[in-house]
Amino acid sequence: MVSPPALDRRDAAAAAAVVALLAVAYVAVPDPTVQYGTWLVIFCVWMAWFVSYGARWLYGP
């Protein structure tokens, strides 16, 4: 069984982007429309990270 790849700067960048988006949506501009849009963008970031991490796991760096 292949072990999962170590987390790298791409993973950290995805996590930092999510934290920054949440800070903007809930601290800087606490509007329900902005929060909804932020969650849609966070979902897109998560999907991109998921595919990237899965590809690295299956096919290597």
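Check the entry above for the structure.
For clarity, every value in this text was computed on a predicted model and none was experimentally measured. (Residues numbered from 1 in each chain as written. Predicted model: local features only at pLDDT ≥ 70, side-chain atom pairs only at ≥ 80, totals over all residues. Heavy atoms only, no water.)

## Some details on the packing of aromatic side chains
Thought 1: This model, assessed by the stated rule, comprises 4 aromatic pairs.
Thought 2: Each ring, one from Trp49 and one from Tyr53, has its centre 5.2 Å from the other, and the planes form 20°; the classification is stacked. Of the two residues, Trp49 and Tyr53 are both situated in helix 2 (residues 32–59); the distance of 4 residues between them amounts to about one turn of the helix.
Thought 3: Among the residues examined, Trp49 registers a relative accessible area of 28% and is labelled partly exposed.
Thought 4: On the basis of relative accessible area, Tyr53 is assigned to the buried category, the value being 13%.
Thought 5: Aromatic pair Tyr53 and Trp57: ring centres 6.0 Å apart, planes at 75°, arrangement edge-to-face. A residue pair is termed a helical-turn pair when its members lie 3 or 4 positions apart in one helix, as Tyr53 and Trp57 do in helix 2 at 4 residues. (Phe/Tyr/Trp six-rings, centres within 6.5 Å; stacked < 30°, edge-to-face > 60°. Helix = DSSP H or I, 4+ residues; strand = E, 2+ residues; numbered from the N terminus. Buried < 20%, exposed > 50% of the residue type's maximum accessible area, 1.4 Å probe, protein only.)

## A short note on the side chain of Thr38
Thought 1: Checked against the element boundaries, Thr38 lands in helix 2.
Thought 2: By relative accessible area, Thr38 is classed as buried at 7%.
Thought 3: One polar contact links the side chain of Thr38 to the main-chain carbonyl oxygen of Val34, over a distance of 2.7 Å. (Polar contact = N/O pair within 3.5 Å; in protein donor to acceptor, adjacent residues only side chain to side chain.)

## What to know about a nonpolar patch on the surface
Thought 1: On the surface, a cluster of nonpolar side chains totalling about 510 Å² of accessible area is made up of Phe43, Trp46, Met47, Phe50 and Val51.
Thought 2: Counting through the fold element by element, Val51 comes out in helix 2.
Thought 3: The class for Val51 is exposed, based on a relative accessible area of 53%. (Patch = residues over 30% accessible without salt bridge, like charges linked within 9 Å, V, L, I, M, F, W, Y side chains within 5 Å. Areas by Shrake-Rupley, 256 points an atom, 1.4 Å probe, with all protein chains shown as cover. Salt bridge = Lys/Arg side-chain N within 4 Å of Asp/Glu carboxyl O.)

So far we have only geometry, and geometry alone does not tell us how the molecule works.
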